[in-house]
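Spelled out from the first residue to the last, the chains are:
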Amino acid sequence: MDKTYQPEQIESRWYQRWENDQRFAPSGQGEPYAIMIPPPNVTGSLHMGHAFQDTIMDTLTRWRRMQGRNTLWQVGTDHAGIATQMLVERKVAAEEGKSRHDLGRDAFIDKVWEWKNESGGQITRQLRRMGASVDWSRERFTMDDGFYKAVQEVFVRLYDEGLIYRGKRLVNWDPTLNTAISDLEVENRDQQGQFWHFRYPLANGVKTDAGLDYLVVATTRPETLLGDSAVAVNPEDERYASLVGKFVELPLVGRRIPIVADEHADMEKGSGCVKITPAHDFNDYEVGKRAGLPLINVFTKNAHILEAAEAFDLQGRPLADIDTQLPSTYAGMDRFAARKAVVADMEAAGLLEKTETVNNTLPYGDRSGDVIEPLLTDQWFVAVETLAKPAIEAVENGDIQFVPKNYENMYFSWMRDLQDWCISRQLWWGHRIPAWYDAEGNVYVARTAEEARAKYSLAADLELSQDEDVLDTWFSSGLWTFGTLGWPEQTPELATFHPTSVLVTGFDIIFFWVARMIMLTLKFTGQVPFKQVYVHGLVRDGQGQKMSKSKGNVLDPIDLIDGIDLEALVEKRTGNMMQPQKAKAIEKATRGEFPEGIEAHGTDALRYTFLSQATTGRDIKFDMGRLDGYRNFCNKLWNASRYVLMNAEGEDCGVDGGKVELSLADRWIISRLQQTEVQVTKAMEEFRFDHASQALYDFIWNEYCDWYLELSKPVLWDDSASAEAKRGTRRTLVRVLEAILRLAHPMMPYISEEIWQRVAPLAGTLSAEGDSIMNQPWPVADESKIDESATRDIEWLKGVIIAVRNIRAEMNIAPGKPLDVMLTKGEAADQQRLEANRLFLAKLAKLSSINWLDNPAEAPLSATQLVGEMEVLVPMADLIDKDAELARLTKEIDKQDKLIQGIERKLSNEGFVAKAPAAVVEKERSKLAEFQAARRLLVEQQEKISAL
RNA sequence: AGGACCAUAGCUCAGUUGGUUAGAGCGCCACCUUGACAUGGUGGAGGUCGGCGGUUCGAAUCCGCCUGGUCCUACCA
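## Focus: the pattern of salt bridges
Where charged atoms of side chains with opposite charge meet at close range, the side chains can pair.
Alright, step 1. The full count for this structure, using the stated rule, is 64 salt bridges.
Alright, step 2. Residues Asp830 and Arg833 are paired through a salt bridge, measuring 3.8 Å at the closest nitrogen-oxygen approach. One end of the pair is Asp830 and the other is Arg833, both in helix 27 (residues 828-844) and three residues apart, which spans about a single turn.
Alright, step 3. Relative accessible area serves as the criterion here: at 7%, Asp830 is assigned to the buried category.
Alright, step 4. One network of salt bridges, with partners in common, ties together Arg221, Glu223, Arg335, Arg339, Asp370 and Glu373.

Here it is in C-alpha cells:
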C-alpha cells in the first residue's frame, strides 16, 4: 500500500468492476427496497445539488443492500422540454444561423435527438464518478417508447373521465419562448415601476357626484388600455353609485365601455375606480366572469399590438358585435414601446393626471427571463380537484411521510388551494398530445389516429391532424415511479418495487413534481408512489450564497474530486458569461479564495462531507474545510489499515482455530464497536447522516486509531506477551477494521472496498474470490460483547496517561523524556489496574517506571493530577519554576472554587433538593465531592511549593 | 400581508422527551519528524448559547415578545 491515500487510482477501477459484475441490480432476495432517482435533465451536467442528493440515495441504497434487502435504485433521465429545446435552438442558431422554424419541426426534433445522443452521456458518466450504485440495466428516459405508452394511457384515460379538458383560458404566456408555462415556472421579482393615473371621459354628458366629466383610473400597464372592456367601482362606494350602468369613452380607442360594480375595486386605493382588461390580467378575468364582460385581446403571441383586437366571450367564442378597431399607430408595436406611446398620447390628449413611482412585482419566466404575459390561448388542462383529495389524504393518514415533517404543511397549503394544471406547451420537444382534429376543429382523443377513428366512429377518409402541442415535462415525470417499472403493463417489477420506499428530493420541487406524482400515481395505480419523502435543502457556497454562474461562485463536484488548477478554475467561472462585465470581480474573488486552485479530494471525501452536513430540512453551506478534513480522515483510515496489514499479513491472526486470548484493550474496542454499530444504524434509520458519519469518524479516529492501535503495539511488539495474546490482538485489529469498513462502505464506497479486499481474507470474511464488500452483511451489534468493565478500565488507563501528558505539557518536559511516576491514594481497584496495565502505561506515557506509593505522606515534591480519587505523581525536585507554578495553581484553584460555588448554590436551594429527582441531586453531591478533592490537592500542592 | 425555518467558539455545524464543567471539524497558539499516518502526534486558548420577559427547584433546550437572516405563498388596478 502507498504511504498516502490516493483516491483517483482506486475509484475508476472499482466502479468498473462493480458495474461489470452487475452488483447494482436487485438481488431478487429479501424485502424490496426501491428508490427512484429524480431524473436529471438528459443534457445537463452534475451540479452540487445532484452530487449531494446522489450521495444520500447511494448511501441508503448500499446500506439497505448490505442489510439483505432486494434493492433497486432506478436510474434515468428527463427530456426536460423547455430547457433542452432552448439549448438546442441556441446551438443551431450559433452553428448554422438557423431558427427552429427554418429547420421545421421534424428536422429540429432530429437535431434534439442527435444532441441527446451526443451529450446525454455526460450526466450518467458523472453519476458513475459519484459511486452511484444505480441499476444501469434498467436505465430509462422520459421520452422512450415505454414511457410514451404510459403518457398516452394516462392522458386518454383522464380525458375520457372528463379530468382533462381543452379551452381558451388566460394563461401565463412566455412571449420569448412562445409557449404557455405553469404558475410554478413563474418567478416573481420585485421592481420599481411607474404608476400612471389616466382620465377616462364619461360618455353621454354624465358627470360624477363631484361634478367631473371623467373618472380616474390608475395602471402600471398603460398598453392594456387598448383591451379594456369596463371600469369597475366598488358596489359599496357611494361616490360612484350613480354611475354604475353608465359608460365611459375609452380614450385613444373610442370604444364605449360600461361602468360596473365589483368588489375587486378597492375604495381605499387611488380614485376607487379600476380599469378592467379581462384578456390581460388574471384579476380582471375574474371580474369579467362575474360581470359578463367580453375578453378583448390586443396582443400577438409575441406580445406585439394587433392591427385589430380580438373579442371573445367567456367560453372563448369569437364575438362579432364588439368594436375591435384599434388605432393604427400601435399596430405591430412591442408591448413596451406601446406603453410609451400610449402614455405619450394620453398626455398629449390631456388625459394623464399624474405619474407616480411604485414598487411592484413582475412575473418573469424562469427559463427565458422574459416578462410573462397573461394571454388568452387554447390550452389543455387537468382538473385537479378530484385528484388532489386522495393525495391530501395519503399524507394526512401517514401513508406518505415527509422527513422532516414540517414540509407536510407546505404540501397541504398548496394542495388545498390548487388551480387546474395547464399541461399543454407550445413546444416541439416533448410528448405530443394524443388528440386529433378534423377540418371543423372537432377534437378526438385517442392513442393513435386509427384508434380515434374507431373510438369516435369516424369515416376512414376523414382527414385528421394531430394537435401540435406537447405536454408539460412534469406530466411525464409525474408518472416516474410506475412508468419506469413498466406500467401500463402489470410487470413483476411493478408488483415488487411499487410503492417505492423513499423519495429523496429538494424542497423546491415538492410542488412541481412530488405533489403531481402523488396525484397521478394514486389515480392510476391505487398506490402511493413512495412511503417516505426525504426533503433536503439547497447546497450553497461557503458564505451561504446560492451558487450561480452569474455570481461566479459555482463549485463543480468533479473539480472537488479530481482537483483543478487556478487558471482552469478562473476560466471556467468567467468564460462564456451572460454578463461579461462581472468577469473581473469573479476572477479576483476566485483567486482570493483558491490561490492554489482546488486540490484533489476524491469521491469518498466529498461524499463524507455532504453526509456530515446533511442536517434535515435546512440548506447546507458547503464547507471546504470539512472537505479537507474528510480527505485527511480517508488518509487516516488508509494508514491505520497499513499498520494493521503490516502487523497481520503473513501472521497468525487467530481465525483458524488457534488458542486466542483477548486483552483488556481488545475487549474494550470490541465493546465500543458494538455501540458504534448501534449508533450508526440508528442514525441511518432516522436519515441523520450527520450523526452516522460523526459516530463513525469518532470511533475510527478517536478510539480505534488514537487508542486501540497504540494499545496494540505493546502486545504485538513486546516479547513478553504470549502467543495467545498476540493472536487475540491481531484478530481484533483485523476484525474490528473489517467491521469498520463495512460500516463505512455506504458512505465511502471506494476506500472501504479497496482496503476490505486486503483485510477480509485475514479476518476470514472473504467467502469467494471476486467477492465485494458491497454484498457483505451490514454489521449488527452483539449486545453480549458490550463490556462495561473493560470500558471503565480503559477509561482509567487513558486517565493516567492523559494525566502524565498533561504534566509534561505544563511542566515543559520533553515528550520523549522517560519519567518515573508514582500513583497514590485511590482504591484497591486502582492498584490492581496498575499491576494489570504496567506495560501499557509505560509504553503510552513513556515512563521508565511506575509504582504504587502506599503512604501518600512520603510523596516527594511532585507535579500531580487526579484520576478519580487517585493521584498521579511526577516527582519534580529540581524542575519546578516556583512562581509560574504558584500562578498556575492559583488559577486552577479559582476555577475549582467557581465550580464548587455553583454546586453549593444549587444544593442550598431548598426547592432543588426537594423537587429534583434524587438521582440528579446525588449526582450534584458527588460532583461537589470531586471538585472539593481536586481543590484540596491543589491547595496542598500550593502549600508545598510555597514552602520551598 | 400570511406562513415556515434559522440565529450556539473566528468559520461550518452537532446538542432526541428541560439536569453535561455546552461539544466536533476547520482555523489559531505551544511543543514534537517516536518504527501506520506531518493529509500526522501531544497539550492548550477561545462561547453572558441573538436580545428581553415568562414557566420551572433548574432553560441553549419549553412559552411570549423583539431584532436580524433565509425561503415560501398571496397581493400590489
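## Details of helix 30 (residues 918-946)
Alright, step 1. The terminal C-alpha atoms of helix 30 lie 42 Å apart, and with 29 residues this matches the ideal 42 Å at 1.5 Å per residue to within 8%.
Alright, step 2. If you check which residues of helix 30 are buried, you get Val921, Glu924, Leu928, Phe931, Ala934, Leu937, Leu938, Gln941 and Ile945.
Alright, step 3. Where the residues of helix 30 are buried, they touch strand 29 (862-867), strand 30 (870-875), helix 28 (882-908) and helix 29 (910-915).

## Structural notes on helix 28
Alright, step 1. For helix 28, with 27 residues, the first-to-last C-alpha span of 38 Å sits near the 39 Å given by 1.5 Å per residue.
Alright, step 2. Taken as a whole, helix 28 has its buried residues at Glu885, Leu889, Ile893, Gln896, Ile900, Ile903 and Leu907.
Alright, step 3. For helix 28, the secondary structure elements touched by its buried residues are helix 29 and helix 30.

## Quick look at the packing of helix 21 (residues 624-648) against helix 23 (residues 689-717)
Alright, step 1. It is at 11 Å that the axes of helix 21 and helix 23 come closest, and there the two elements cross at 25°. Overall, the two elements helix 21 and helix 23 adopt an arrangement that is roughly parallel. Viewed along their axes, helix 21 and helix 23 form a crossing whose handedness is left-handed. Packed against helix 21, whose contacting residues are Tyr630, Asn632, Phe633, Lys636, Leu637, Ala640, Tyr643, Val644 and Asn647, the element helix 23 presents Tyr697, Ile700, Trp701, Tyr704, Cys705, Leu709, Ser712, Lys713, Leu716 and Trp717 at the interface.
Alright, step 2. For the contact of helix 21 with helix 23, the per-class residue count stands at 14 nonpolar, three polar and two charged.

## Observations concerning the nonpolar core
Alright, step 1. Formed by 202 residues in total, the largest nonpolar core has its most connected members in Phe475, Phe622 and Tyr704.
Alright, step 2. In this structure, Leu243, Ile259, Phe299 and Val342 belong to the second largest nonpolar core, which totals 40 residues.

## A short note on the protein's contact with RNA strand B
Alright, step 1. The local shell around RNA strand B holds 57 residues, among which Ala218, Thr219, Lys269, Lys915 and Lys927 are the closest.
Alright, step 2. Taking the atoms of RNA strand B that fall within 4 Å of the protein, sugar and phosphate contribute 62% of them.
Alright, step 3. The separation between a base nitrogen of RNA strand B and a polar main-chain atom of Cys705 is 3.4 Å.
Alright, step 4. Of all the elements, helix 21 adds the most residues to the surface near RNA strand B, at 11 residues.
Alright, step 5. For the surface near RNA strand B, the residue count by class is 19 nonpolar, 17 polar and 21 charged.

## Structural notes on the environment of Ala929
Alright, step 1. For Ala929, the location among the structural elements is in helix 30.
Alright, step 2. For Ala929, a relative accessible area of 42% puts it in the partly exposed group.
Alright, step 3. Considered as a pair, Ala929 and Ile900 are 29 residues apart in the sequence and their alpha carbons are 8.8 Å apart.

So, how was this worked out
- Within any chain, residue numbers begin from 1 and follow the written order of that chain's sequence.
- Chains and ligands are labelled sequentially in the order written, the chains with letters from A and the ligands with numbers from 1.
- Restriction of local features to residues with pLDDT of at least 70 applies here, the model being predicted, together with a cutoff of 80 or more for giving and counting side-chain atom pairs; totals for whole chains, interfaces and linings are based on all residues.
- The side-chain figures draw on all heavy atoms in the structure; neither hydrogens nor water molecules are used.
- One side-chain nitrogen of Lys or Arg within 4 Å of one carboxyl oxygen of Asp or Glu is enough to make a salt bridge.
- Here a helix means four or more residues in a row that DSSP labels H or I, a strand means two or more in a row labelled E, and each is numbered from the N terminus.
- We call a residue buried when its accessible area falls under 20% of the maximum for its residue type, exposed when it is over 50%, and partly exposed in between, using a 1.4 Å probe and counting protein chains only.
- Every helix has an expected span of 1.5 Å times one less than the residues it contains.
- Note on contacts: a residue pair qualifies if any of its non-hydrogen atoms lie within 4.5 Å across the two residues.
- Every axis corresponds to a line fitted to the C-alpha atoms, with the helix fit spanning only the stretch in contact, and the corresponding angles, defined between N-to-C directions, vary from 0 to 180 degrees.
- Under this scheme an angle from 65 to 115 degrees is roughly perpendicular, one under 35 degrees roughly parallel, and one over 145 degrees roughly antiparallel; angles in between are oblique.
- It is the rotation of the near helix from the far one that decides the hand of a crossing: anticlockwise by less than a right angle makes it left-handed, clockwise makes it right-handed.
- Side-chain classes follow a simple rule in which Ala, Val, Leu, Ile, Met, Phe, Trp, Tyr, Cys and Pro form the nonpolar group, Asp, Glu, Lys and Arg form the charged group, and the remainder, Gly included, forms the polar group.
- The criterion is simple. A nonpolar core is a set of buried Ala, Val, Leu, Ile, Met, Phe, Trp, Tyr and Cys residues joined through side-chain atoms within 4.5 Å.
- One heavy atom within 4 Å of a molecule or strand is enough for the residue carrying it to be called near that molecule or strand.
- Pairs of N or O atoms within 3.5 Å make up the polar contacts considered here, provided that, within protein, one atom can donate a hydrogen while the other can accept it, and that residues adjacent in sequence are counted only when both atoms are side-chain atoms.

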